[in-house]
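# Inside the fold
Here is how the chains run, residue by residue.
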Amino acid sequence: MNDLRSRILAGLAALGLTATALAQSVPANRTFSNYYFFGDSLTDSGNTFALTGSPPAPYFAGRVSNGITYAEYLAPGLAAAATTSSNAAKLNFAFAGATAATGSAVPNLSQQVAMYQARGITANANGLYVLLAGANDLLNAVQVPANQNANAMTNTAIAASTAVANAVQSLAGLGAKNILVLNLPDISKTPRFTTGSGASAASLMQTASYAFNGDIKTRIAGLSSLSGVNVTVFDLGSIFQTIVNNPQTFGFSIANQDPIDIMTAGGNPGDISRYVFWDGIHPTTKTHALFAAVLTEVLNPEFVLGTFAARGTTALVATDLSADSLQSRLDASRLGVARHQADGFVSFSSKSGSFKAAGYQAGFDYSGNAVTAGFDYSLASNLLVGLAVSAENLETDLDGAAGSSVMRGQMVTAFAQWKSGSFFADGSVGVGTQDFKDVKRTTALGGMATTAKSDGDRTAAHVRVGWDLVSDAWRFTPFAGLRYAKAKLDGYTESGVPGLNFVFGGQNAKSFDAQLGANVDYTVRFNEQPFVLSGTAVYQKDVNENTRSLSGRLADTVAATGTTTVDDGLGETFKLGARVSGAVSKNWGWSVGYLADFRKNGETANQYSLSLHTGF
């Protein structure tokens, strides 16, 4: 049993976004200064056992399971209030058998809150208060013949919900600032009501479970006395339903039987890790570990928001790729290879690279391409104007298999270049959109992924000045410039994993980069056609150094909006490249190129390009 417990604790540390938090530049999961739990047997870590000696073995050390509960996974070292007189920072006031309303032999929910108050504990603003109660109210009621109808069971559920809401108000009045309320699993899906003695009452239990969950959400949302208190109603019911409906996804194979009933009947249950439930009502410690994993994700929304931050950075990467393509075209136009008064051009660029996790922003790998087509026209010998249309396609995979997305972008850019002797200046202004399709985020619930899509728009601009210093076949061009890009991503709501879907607010990703670089070109002729070997080196750094704000919350429930900030822009990089260009006839020119992108933090991106242009 100790070995199983150790394996589950180790597994919990690796689940979901916790793994991402272990990266060197990423914060750790949030820890609260104090943890207090209230409720019944799903949470109890030994209180009822201390009073009554129940449940006995083979239950684990007074827990109504074969190991520790979700509460102990969340707060290692959690002490049972009935077994300690000290005001420890981690106290469990939950009692197996407790009801939310009146009527239990052990302290019910309001009495548990009174026990907390009697200890004279000074609430800490960084303390966490967790409540899970109401199941025993329904289990007790359904055994009474007079209650064996939908109206009576619904009334019982609402009374229990009211008691939970009252406890929330009481704790808030005592200074609690972070309160997590768990709704009820659908009790009708437990073995007692699917294949056991309670099967005939399954529909009533389902009605009551649903009534409680609907009412607690409405009731908590309607409390007017919770200003300044962060209250979340977590949909444990949906998490439970997903596990029961898809046991194989989570390493289970049996969801309608339990080891206790099998052993009571004289049988051998075999490998306990196959079971969702330990007895007819209560989950195994392995299931509790899953509950704790998803609660860890919920209590750390910054990491979820960090996956959205990666989308904004992806849009900036795509914009920078199109800007590189346009800059190459402007450089080629000054070389004069197969140059005419009016030229049409098309280029294809592909790029792959990565961004390391930084702060709460998720790290990611990306690969994709940009196709740019347009024309330019020489209004005068020293003035070139043009218009280009770019289509980008970028796929991203978040580090640690934390998610993925596909971005489709479009940009329309007007540009111009002016020359005076060896001096030149060019600039551009562009507008466009981006659509993120197949946005997936891996959750802590067995790796199940949410899905979403997001739209938005972009603006971009650049200015650059430089000097073409020519000596025979050589040309040396130092230059300096500025690039600006802004990508506005609309908010979206995820789907696919009820209980963990997130609602994201919009974000504005911006970069404002200074460039300092130089090109070197060497021209030779073959069969009277020019052939140019070019090299380029560019130092590029975001000079704005702003942060980007992100916000979001759990969908379809009562939850405070979480916020975080990440570093904005594309950071600092050094680009080093080579290009070969030439002409195949008087009217047609071409170029192929490679650009390595060396980022300050050690990442390298590789960019390849091919372009054609023709005069008309």
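Predicted model only: the values in this text are computed from it and were never measured.

Along its length, the chain carries twelve helices and 23 strands. In terms of overall dimensions, the chain is more spread out than a globule: its C-alpha atoms have a radius of gyration of 32 Å, far above the 25 Å expected for 616 residues. Viewed in the frame of its principal axes, the chain has a C-alpha envelope of about 100 × 50 × 45 Å. Burial statistics for the chain: of 616 residues in total, 55% are counted as buried. In the chain, once contacts between residues fewer than 6 apart in sequence are set aside, the share between residues at least 24 apart is 69%. Total accessible area on the chain is roughly 24200 Å²; 56% of this is exposed by carbon and sulfur atoms. Once the 41 positive and 44 negative side-chain charges of the chain are each reduced to a mean point, those two points are 2 Å apart.

Attention now moves to the packing of aromatic side chains. Centre distance and the angle of the planes are the two values used to describe a pair of aromatic rings. Taken as a whole and judged by the stated rule, the model has 26 aromatic pairs. Pairing F355 with Y366 gives two aromatic rings, centres 6.3 Å apart and planes at 45°, and the pair type is tilted. Of this pair, F355 sits in strand β7 (residues 342-355) while Y366 is found in strand β8 (residues 364-380), placing the two residues eleven residues apart along the sequence. Residue F355 shares its accessibility class with Y366, and that shared class is buried. Each ring, one from W474 and one from Y522, has its centre 4.7 Å from the other, and the planes form 45°; the classification is tilted. Here W474 is found in strand β14 (residues 474-489), whereas its partner Y522 is found in strand β17 (residues 507-526), with 48 residues between them in sequence. Ring-pair connections join several aromatic residues into one group, and the members of that group are Y36, F38, F93, Y116 and Y129. If you follow R464 out to its NZ or CZ, it ends over the ring of F479, 5.1 Å from the centre.

Inspection of the entire model under this criterion finds eight cavities of 30 Å³ or more. Quantified by volume, the largest cavity comes out at close to 300 Å³. Taken together, 23 residues make up the lining of the largest cavity; nearest its centre are D324, S328, T536, R579 and L595. Of all elements in the fold, only α12 (301-335), β17, β18 (529-542), β21 (572-583), β22 (588-599) and β23 (604-615) reach the threshold of two or more residues within the lining of the largest cavity. Across the lining of the largest cavity, the residue classes break down as five nonpolar, 13 polar and five charged.

Another point: unusual backbone geometry. Residue P55 follows S54 across a cis peptide bond; omega there is 5°. Here P55 is to be found in the loop between α2 (47-52) and α3 (70-74). A cis geometry characterises the amide bond from A57 onward to P58, with omega recorded as 15°. Examined against the element boundaries, P58 turns out to sit in the loop between α2 and α3. Here the phi dihedral of E545 falls at roughly 50°; this positive angle occurs in a residue that is not glycine. Topologically, E545 is positioned in the loop between β18 and β19 (547-554).

When a protein is soluble and globular, its nonpolar side chains tend to lie buried together. Within the largest apolar cluster, 125 residues are counted, with the highest numbers of intra-cluster contacts made by F38, Y70, I179 and F234. Top contributing element to this core by residue count: helix α6 (residues 150-173), with ten residues. When sequence neighbours within four positions are dropped, the list of residues in contact with F38 reads F93, A94, L109, Q112, V113, Y116, Y129, V130, L131, L132 and L171. Grouped together as the second largest cluster of nonpolar side chains are six residues, L330, L384, A388 and F415 included.

Let us now look at helix α8 (residues 202-221). For the α-helix, the turn length of 3.6 residues means that residues three or four positions removed from each other point alike. End to end, α8 covers 29 Å across 20 residues, agreeing with the expected 28 Å (1.5 Å per residue, within 8%). Here the buried face of α8 lies against α5 (135-141), α6, β5 (178-182), α7 (191-194) and β6 (230-234).

Here we take up the side chain of K575. Residue position: K575 is located in strand β21. At 2.9 Å, the side chain of K575 and the side chain of D320 are in polar contact. At 3.3 Å, the side chain of K575 and the side chain of Q540 are in polar contact. Setting aside anything within four residues of it in sequence, one finds K575 in contact with D320, D324, R483, T536, A537, V538, Q540, L595, A596 and D597.

On average, the chain scores 93 in pLDDT, and the residues at 70 or more come to 96%. Counted against residues more than four places away or in other chains, residues 1-24, with its pLDDT under 50, gives 36 contacts.

Hydrogen bonds along the backbone pair up the strands of a sheet, which may run parallel or antiparallel. On the basis of which strands lie adjacent, the open sheet formed by six strands has the order β2-β3-β1-β4-β5-β6 and parallel pairing. Strands at the two margins of the open sheet, each flanked by one partner only, are β2 (79-80) and β6. As defined by bridge partners, β2 adjoins strand β3 (residues 90-92) across two bridges and the pair is classed as parallel. In the strand pairing of β3, A80 is matched with N92.

The rules behind each value
- In this convention, every chain numbers its residues from 1, walking through the sequence in written order.
- Local features are withheld for residues below a pLDDT of 70 in this predicted model, meaning they are given only at 70 or higher, and side-chain atom pairs are given and counted only at 80 or more; totals for whole chains, interfaces and linings count all residues.
- Calculation of side-chain values draws on the structure's entire complement of heavy atoms; hydrogens and water are dropped beforehand.
- Starting at the N terminus, helices and strands are each numbered in turn, a helix being any DSSP run of H or I of at least four residues and a strand any DSSP run of E of at least two.
- Radius of gyration here is computed from C-alpha atoms only, and the compact-globule reference equals 2.2 Å multiplied by the residue count raised to the power 0.38.
- Only protein chains enter the calculation, and the probe is 1.4 Å; a residue is then buried if its accessible area is under 20% of its type maximum, exposed if over 50%, and partly exposed in between.
- Should any heavy atoms of two residues lie within 4.5 Å, those residues are considered in contact.
- Computed with a 1.4 Å probe, the accessible areas rest on the Shrake-Rupley method; for each residue, only the protein chains presented here act as cover.
- When charges are tallied, Lys and Arg are placed among the positive residues and Asp and Glu among the negative ones, while His and the ends of the chain are skipped.
- Throughout, a charge is located at the NZ atom of Lys, the CZ atom of Arg, the CG atom of Asp or the CD atom of Glu.
- A pair of aromatic rings is counted whenever rings of Phe, Tyr or Trp (Trp by its six-membered ring) have centres within 6.5 Å, and the orientation is called stacked for planes under 30 degrees apart, edge-to-face for over 60 and tilted otherwise.
- The rule for a charge over a ring is simple: NZ of Lys or CZ of Arg within 6 Å of the ring centre, and within 35 degrees of the ring normal.
- For each structure, a 1 Å grid was placed over the protein atoms alone; sets of points admitting a 1.4 Å probe that cannot get out are labelled cavities, open sets with protein on both sides within 12 Å along at least five of seven lines are labelled pockets, and lining residues have an atom within 4 Å of a point.
- Grid points are joined across faces, edges and corners, and a volume is the space filled by probe spheres set on the points.
- In this count, Pro and Cys sit with the nonpolar residues alongside Ala, Val, Leu, Ile, Met, Phe, Trp and Tyr, while Asp, Glu, Lys and Arg are called charged and the others, Gly among them, polar.
- Among buried residues, those of type Ala, Val, Leu, Ile, Met, Phe, Trp, Tyr and Cys that are joined through side-chain atoms within 4.5 Å constitute a nonpolar core.
- Take the residue count of a helix, subtract one, and multiply by 1.5 Å to get its expected span.
- Pairing of N or O atoms within 3.5 Å defines a polar contact, subject to two protein rules: one partner must be a possible hydrogen donor and the other a possible acceptor, and residues neighboring in sequence count only if both atoms are side-chain atoms.
- pLDDT gives the predictor's per-residue confidence on a scale running from 0 to 100.
- For two strands to be treated as a pair, DSSP must find at least two bridges joining them.

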